[in-house]
Each structure stands twice: as C-alpha cells, then as structure tokens.
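# Examining the three-dimensional arrangement
What follows is each chain in one-letter form.
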Amino acid sequence: DIKGFVFDLDGVITDTSVFHSQAWHQVADKVGVTWDDELADALKGISRMDSLNLILKKDHKENDFSEAEKEALATEKNDNYLKLVNQMTPANILPGIQDFLATVKAKGYLLSLASASKNSPLVLKKLGLSDYFPKAVDPATLTHGKPDPEIFRRGAEILDLQPGECIGVEDAAAGVQSINAAGETSIGIGDPQILSAAAINFTDTTQLTLANIQQRLA
Ligand code: B16
Ligand code: MG
C-alpha cells in the first residue's frame, strides 16, 4: 500500500528548472561552452558541482580550470540563480501542485522532499509551501547524488516508511533512475521519451491527481 510521496522540487513543484538553466547558460557562455537543450536536460537533478563538471566536459574544458576557479564559477551560477529565486512568489507553483499536496495531506499520506538543491528551503518559503515539507532530505549529507538511490531511500526513511510504500515524483531522468533504484514507484513528469524509465508518465503537473495515479497503477 502506498502511504507516502517523496517529492523532487525543481521542475515538479515549481519551474525553477528554467531558472537553473538560465543561470548555468550564463556561466556556459562565459567559459565558452555551447549551450543546448540536451545539456539543459542532462543537468536536471544533478548537484551544483557535478553540473559544472558536466558543462565543462561537454567541450573538453574540464582540465582548463583550477578547483578554486570552479568554486568561483559555481558561486557565480548560484548568485545568478538566487537573483531569480528572490523574485519568486506562490504564483510560481506549477499548476495543480498545491491542490495535489493539500489533497494527499488531507487524506493522511505522508510527504517528504528529495531535492538535490541546497536552496530548497528558500524556494519552498518563497512559494509558501514550507508547511507541507517539515521532512526533507538535506542534500549536504548525501554521499551520492541522483541517479544514485540514496536521496529517495532517505526520503522514505525520514517518513518511517518502506520504499515500497512510497511514490517518488520527478522531472529528471536521473531522478527517475534514483526512485526506481530505491525501490519506490516512480512518476515522471515531462517528456515521456526522456522519462521512459518511469512507472507512470504524466506530461505535465495538471495530470498529477490521485485518481490518475490510481488508474495508472490499477
Ligand atoms: P543547488 P531537484 C536540483 O534540484 C536541480 O534540478 C539541479 O538543476 C540543481 O543543479 C541541483 O538541484 C542543485 O541545486 O545549486 O540549488 O544546490 O530537481 O533535485 O529539486
Ligand atoms: Mg527536478
């Protein structure tokens, strides 16, 4: 029986994935790496430093920067990102998400957050959704990022649930892999070709309803 939902944040609850992309695009331009949609998708769910390394690798620039220079580029990206986050309001919650959270909470399902982002407490606060997520995995405590199962496994643990009792909700291919490897039921929200490993695919957040989930699981 499903007793809880483990949520990704960026790209599922709110469209900060667009802000992450914008902020990285500026850094890519600066280091002379060509930006494209495929790179943007590959960065979804990936930690800040791993994202920078992926960007540099794309055009074989991973050895062109010292660790200190990489730290500075990652900080610059985060500063770009925070400028965008600071303008956020509850209007940035993706359609249907607030209803879904309210419904599952009212029905007694447990909720936790499995976001790779160190900015997730601030983002939740800007959205007015902090109260739904008193339980969140702290990404700073992880040994491995998505697609490793660690973050989604911990998302179930902090709810005192077994992975088999949880549904994980993701917009990133790396995140869907993490959910599956953790032994949870995966919902992928977005392009079904990119998220083909998900147990359930929804093309956008308006489709995320308990009725639709029950229908797909039947
Ligand atoms: P930060 P999620 C992930 O969040 C984003 O998808 C990814 O693009 C970002 O690099 C990562 O968080 C780290 O974020 O730099 O804010 O710590 O999708 O797992 O909620
Ligand atoms: Mg995401």
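Everything below is about the structure shown above.
Residues numbered from 1 in each chain as written. Chains lettered and ligands numbered in written order. Predicted model: local features only at pLDDT ≥ 70, side-chain atom pairs only at ≥ 80, totals over all residues.

Moving on to the site of ligand 1. In the neighbourhood of ligand 1, 20 residues make up the surrounding shell, with Asp10, Arg48, Ser115, Ala116 and Ser117 lying closest. Contributing elements (two or more residues each) for the shell around ligand 1: helix H1 (16-31) and helix H3 (48-58). Residues that form the shell around ligand 1 fall into these classes: five nonpolar, 10 polar and five charged. (Near = placed C-beta within 6 Å. Helix = DSSP H or I, 4+ residues; strand = E, 2+ residues; numbered from the N terminus. Nonpolar A, V, L, I, M, F, W, Y, C, P; charged D, E, K, R; others polar.)

Judged by nonpolar contacts, the single largest core of 53 residues is most densely connected at Phe7 and Ile13. No other element matches H1, which puts five residues into this core. Once residues within four sequence positions are removed from consideration, Phe7 is found in contact with Val12, Ile13, Leu111, Leu113, Ala114 and Val169. (Core = buried A, V, L, I, M, F, W, Y, C linked by C-beta atoms within 7 Å. Buried ≥ 20, exposed ≤ 12 C-beta atoms within 10 Å, placed from the backbone. Contact = placed C-beta atoms within 7 Å.)

Another point: the pairing of strand S3 (residues 166-170). For S3, the tally of buried residues reaches five of five residues, placing the bulk of the element in the interior. Neither face of S3 is exposed, since Cys166, Gly168 and Glu170 on one face and Ile167 and Val169 on the opposite face are all buried. Note that strand S1 (residues 4-7) and S3 share four bridges and pair parallel. Counted as the bridge partner of Phe5 is Ile167 from S3. Across four bridges, S3 lies against strand S4 (residues 185-189) in parallel orientation. The residue bridging Glu170 from the neighbouring strand is Gly188, located in S4. Each parallel crossover has a hand, and the one from S3 via helix H8 (residues 173-182) to S4 is right-handed. (Pairing = 2+ DSSP bridges. Right-handed = clockwise from strand over helix to strand, strands pointing away.)

Moving on to the packing of H1 against H3. For the pair H1 and H3, interaxial distance at closest approach is 11 Å and the crossing angle is 40 degrees. One finds that H1 runs oblique with respect to H3. Crossing of H1 against H3: the hand is right-handed. Where H1 approaches H3, its residues Trp24, Val27, Ala28 and Val31 are matched on the opposing element by Ser51, Ile55 and Leu56. Residue composition of the contact of H1 with H3, by class: six nonpolar, one polar and no charged. (Axes fitted to C-alpha atoms, helices over the stretch in contact; angles between N-to-C directions. Parallel < 35°, antiparallel > 145°, perpendicular 65-115°, else oblique. Left-handed = near helix turned anticlockwise from the far one by under 90°.)

Below, the discussion takes up the packing of H1 against helix H4 (residues 67-85). Contact pair H1 / H4: the axes reach a minimum separation of 9 Å and the direction vectors enclose 140 degrees. For the element pair H1 / H4, the angle class is oblique. When the axes of H1 and H4 are compared, the crossing they make is right-handed. For the pair formed by H1 and H4, the contact residues are Thr16, Phe19, His20, Gln22, Ala23, Trp24, Gln26, Val27 and Val31 on the first element and Leu73, Glu76, Lys77, Asn80, Tyr81, Leu84 and Val85 on the second. Residue composition of the contact of H1 with H4, grouped by class: nine nonpolar, five polar and two charged.

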